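A structural walkthrough
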Amino acid sequence: MRLDLDNLPSDVDLLHQLVREIVGVVESRDGEIERLQSIIKKLQRAQFGRRSERLDPDQLALALDDLDADIARIRESSPDVAKLPSERTSHRKPLPDHLPRQEVRLDIESEVCACCGGALHAIGESQAEMLDWVPAQLRVIRITRPKYACRLCESVVQAPAPERLIAGGVATPALLTQVLISKYCDHTPLYRQSQIFARHGIDLARSTLAGWVGGACWWLEALHDRLAKNILASDYLFADDTPVPVLDPGRGRTKTGRLWVYAREQRGWSGPEPPAAIYMFAPDRKAERPARHLASYRGVLHVDGYAGFETLAKAGTIKLAACWAHTRRKFYDVAQATGSPLAEEAMRRIRDIYVIEAELRGQSPPHRLAARRSRSKPLVAALEAWLKAQLALIPAAGELAKAIRYALSRWDGLTRFLTDGHVEMDTNPVERAIRPVSLGRKNHLFAGSDGGGARWAILCSLIETAKLNGVEPYAYLADVLQRMVDGHPVNRLDEFLPWAWTAANLAKS
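1. A look at the packing of aromatic side chains
In total, this model carries 8 aromatic pairs according to the counting rule given. Note on tryptophan 218 and tryptophan 219: the rings are 5.3 Å apart at their centroids and 85 degrees apart in plane angle, and the pair reads as edge-to-face. Given a relative accessible area of 61%, tryptophan 218 falls into the exposed group. Residue class for tryptophan 219 comes out buried when judged on its relative accessible area of 17%. One aromatic cluster is present, formed by Trp260, Tyr306 and Phe309 through successive ring pairs. Note that lysine 330 overlies the ring of tyrosine 406, its terminal NZ or CZ placed 4.9 Å from the centroid. A cation sits over an aromatic face here: arginine 410 above tyrosine 406, 3.9 Å from the ring centre.

2. Section: the confidence of the model for the chain
Averaged over the chain, the pLDDT score is 86; the fraction of residues at 70 or greater is 88%. Taking the mean pLDDT of every element in the chain, the minimum, 52, falls on helix α2 (residues 57-77) and the maximum, 96, on helix α9 (residues 365-391). Contacts of residues 51-60 to residues separated by more than four positions or lying in other chains number 11 contacts, the stretch itself having pLDDT below 50. Contacts of residues 81-85 to residues separated by more than four positions or lying in other chains number 6 contacts, the stretch itself having pLDDT below 50.

3. Examining the pairing of strand β5 (residues 276-282)
With 7 of its 7 residues buried, β5 lies for the most part within the structure. The alternating pattern of β5 places Ala276, Ile278, Met280 and Ala282 on one face and Ala277, Tyr279 and Phe281 on the opposite face, and all of these are buried.

4. A few points about the packing of helix α3 (residues 173-184) against helix α13 (residues 450-468)
Packing of α3 against α13 brings their axes to within 11 Å, and their N-to-C directions diverge by 90 degrees. With respect to α13, the axis of α3 lies roughly perpendicular. For the pair α3 and α13, contact is made by Leu180, Ile181 and Tyr184 and by Trp456, Leu459 and Ile463, respectively.

5. Side note on the nonpolar core
The biggest cluster of nonpolar side chains holds 75 residues, and the ones touching the most others in it are Trp212, Leu220, Leu301 and Tyr476. Residue contributions to this core peak at 12 residues, all from helix α5 (residues 206-232). Of all hydrophobic cores here, the second largest spans 31 residues; its members include Tyr332, Ala346, Leu400 and Val423.

6. A word on the packing of α13 against helix α14 (residues 473-485)
The N-to-C vectors of α13 and α14 enclose an angle of 125 degrees; their axes lie 9 Å apart at closest approach. Between α13 and α14, the crossing angle belongs to the class labelled oblique. α13 and α14 meet at a crossing whose hand is right-handed. For the pair α13 and α14, contact is made by Leu459, Leu462, Ile463, Ala466 and Lys467 and by Pro473, Tyr476 and Leu477, respectively. Residues of the contact of α13 with α14, tallied by class, amount to 7 nonpolar, no polar and 1 charged.

7. A look at the environment of histidine 302
In this fold, histidine 302 is placed in strand β6 (residues 299-302). Classification of histidine 302 by relative accessible area gives buried; the value is 1%. Along the backbone, histidine 302 and tyrosine 236 are 66 residues apart, and their C-alpha atoms lie at a distance of 7.7 Å. Discounting residues that sit within four places of it in the chain, histidine 302 has contacts with Leu237, Phe238, Ala239, Ala321, Val423, Glu424, Asp426 and Thr427. Only 3.0 Å separates the side chain of histidine 302 from the backbone nitrogen of glutamate 424, close enough to count as a polar contact.

8. Some remarks on unusual backbone geometry
Positive phi, normally seen in glycine, also occurs at histidine 187, with a value near 65 degrees. Among the residues examined, histidine 187 registers a relative accessible area of 12% and is labelled buried. At serine 270, a residue that is not glycine, the phi angle is positive and equals roughly 55 degrees. Tracing the sequence through the fold places serine 270 in the loop between β4 (253-264) and β5.

9. Brief notes about the environment of serine 461
Among the secondary structure elements, serine 461 is positioned in helix α13. Judged by its relative accessible area of 0%, serine 461 falls in the buried class. Taking C-alpha positions, serine 461 is 4.8 Å from isoleucine 278, a pair spaced 183 residues apart along the chain. Once residues lying within four places of it in the same chain are set aside, the contact partners of serine 461 are His224, Leu227, Ala277, Ile278 and Tyr279. A polar contact is formed between the side chain of serine 461 and the side chain of histidine 224, at a distance of 3.4 Å.

10. Things to note about a nonpolar patch on the surface
A contiguous nonpolar patch, built from Leu36, Ile39 and Leu43 and spanning about 260 Å² of accessible area, is present on the exposed surface. Residue position: leucine 43 is located in helix α1 (residues 12-48). Relative accessible area serves as the criterion here: at 57%, leucine 43 is assigned to the exposed category.

11. A short note on the pattern of salt bridges
Applying the stated rule across the entire model yields 21 salt bridges. A salt bridge links arginine 226 to aspartate 494; the nearest nitrogen and oxygen atoms lie 2.6 Å apart. Taken together, the residues span a long stretch of sequence, with arginine 226 in helix α5 and aspartate 494 in the loop between α14 and α15 (498-508) at a distance of 268 residues. For aspartate 494, a relative accessible area of 36% puts it in the partly exposed group. Of the charged contacts in the structure, one is a salt bridge between arginine 285 and aspartate 241, with a shortest N-O distance of 2.9 Å. Residue arginine 285 is found in the loop between β5 and α6 (288-293), and its partner aspartate 241 is found in strand β3 (residues 236-248); the two are separated by 44 residues along the sequence. Among the residues examined, arginine 285 registers a relative accessible area of 36% and is labelled partly exposed.

Definitions and limits used
Residues numbered from 1 in each chain as written. Predicted model: local features only at pLDDT ≥ 70, side-chain atom pairs only at ≥ 80, totals over all residues. Heavy atoms only, no water. Phe/Tyr/Trp six-rings, centres within 6.5 Å; stacked < 30°, edge-to-face > 60°. Buried < 20%, exposed > 50% of the residue type's maximum accessible area, 1.4 Å probe, protein only. Lys NZ or Arg CZ within 6 Å of the ring centre and 35° of its normal. pLDDT = per-residue confidence, 0-100. Helix = DSSP H or I, 4+ residues; strand = E, 2+ residues; numbered from the N terminus. Contact = heavy atoms within 4.5 Å. Axes fitted to C-alpha atoms, helices over the stretch in contact; angles between N-to-C directions. Parallel < 35°, antiparallel > 145°, perpendicular 65-115°, else oblique. Core = buried A, V, L, I, M, F, W, Y, C linked by side-chain atoms within 4.5 Å. Left-handed = near helix turned anticlockwise from the far one by under 90°. Nonpolar A, V, L, I, M, F, W, Y, C, P; charged D, E, K, R; others polar. Polar contact = N/O pair within 3.5 Å; in protein donor to acceptor, adjacent residues only side chain to side chain. Patch = residues over 30% accessible without salt bridge, like charges linked within 9 Å, V, L, I, M, F, W, Y side chains within 5 Å. Areas by Shrake-Rupley, 256 points an atom, 1.4 Å probe, with all protein chains shown as cover. Salt bridge = Lys/Arg side-chain N within 4 Å of Asp/Glu carboxyl O.

Dropping the structure here:
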C-alpha cells in the first residue's frame, strides 16, 4: 500500500477511513511477520536445539557417558583421584541374580605372618563382583537321521526331518530371532548385520537376511491379527500415526507411508487389561485408514489434532478425548519464538492441572473423577474464560491466536477427562509407542516396499507389547517361533500374547 504524502485528502472522514485501512494492513503484516519468525525459530530449535523442555533420555545417557569419560581422564592426570566419584556407584543397581557366576578366589601365598612368623587364621573375607562379557558365538547344528531297512519287505524307516521356519533355509529360530531383534528392537539395519556376520566368517547377504525376515513374518502374521483383535476390543485406546519412508523404485526415490498405532494403557487408573500396542501399515494418511482399522471399535479414543479422527465420532460409537500435551505444545512454541507472557501464562495454567493429575495417577476411576470435579474443573473453566477473553484482545492472524483457537475448537475433547475417570489428559502412551519407530527410521532409513512396511508393523507390535509387559523380546520371540515350528495349534494363539506367555513361563518356573 503506497501513499502520496504530498496529496493527502483534507476530508476528516476520509482520513479516518485511510488510517483504519493502514492499521489493518499493519496488523496483518505484523501477524504474518510473527508467524514466519515463529516458523524460523521452530525450525532452528528442531535442527540445533532441544525439541522440548526436558532432556531426551538418549541425550541424557550421552551426557552421563561424557561425564564418566571426563572423570576417567581427570583421574589419570590429577593427584586427588580419591576425591572423585567412581562410576556413580551410589546409583548403580546390584548385578542381577539370574546371571551365571564364575568364582575367582585370590588368596595369599603363605599362612605365616610376615611380621612375626606367627600362624595366620581366617577372620572373614571380602567379595566384589565385576560384570563380564562373553562374545556371541555361531555354531552349526548337524542333524543326523539314521535309516533302517527291513530284510523281509525291503521297506525303509527313518525319523521325519524337522520342520524349518524358512523352507530350505539354514537359520534356526534362535538365529532368526537375533536378526529380527537386531533390526526392529536394536535398530541395526540388515546390511550392518551382514557385515557383523562376515566378521565371524559367515557370508550372509542382505538379501538373504531380508528373506528370513519375510519368512518369519509369515509365521507371526496370525499372532499380529490376534493381538489387534484383543486390543481393539478394549473401551479406551490411544491413537496416532507416524511417517515411514518406503522405497518407490518406479520414481527412483522414496514415498511416505504411515504406521498407525493404537495403544492400550490402563495403569493410570489401575485397569484390569495389560498394556499393549498394535501397529498397522498404510501407504497414506487418508482418514479412511483409521476408519477401517476402528470399524468395530466402541469406546473412547485419545487422539491428537489430526482432522481425520474427527470423522470417527460422527457415528456416535466413538468418543474423542483430545490431548492437553499437544495443546500446551502450541503455547510453548509461541513462548519460545516470541517470549509472549500470555503464552507463558497459558502454560502455567495447564501445568497446574497436570499437578493434580500426577497426584491421581494409579487411583481408581471414581476417585479420580471426584477429585477432578472438585479440583480440576474450576481450573479448566477459568482457563476457558481466560482464553476467550485474550482471543478478543490480540491480533487474529498471530500465532498466539492460532494456539488459542486450537484449544477452544477441541474443548469438548479436552474436557472429556472431567466426566470420565478412565480418560487421560494426553496421548503420551501412544507417543512413547511411536518413539522406537523414529529410532528405527533414523537407522535403517526406509522400508524396501509396502510389504516391508507391513512386516515392520508386525514386529514392532510384538516387540513393543513385550517390552510394555516387562518381557525380554529375544526370549519371547525365540520361544514363540520355536513352538510354532514345532506345531503349536493355531486356535491357541492367545497363549502367545506377551502377558499370557509371561504368566505361563512364571507358572512353569
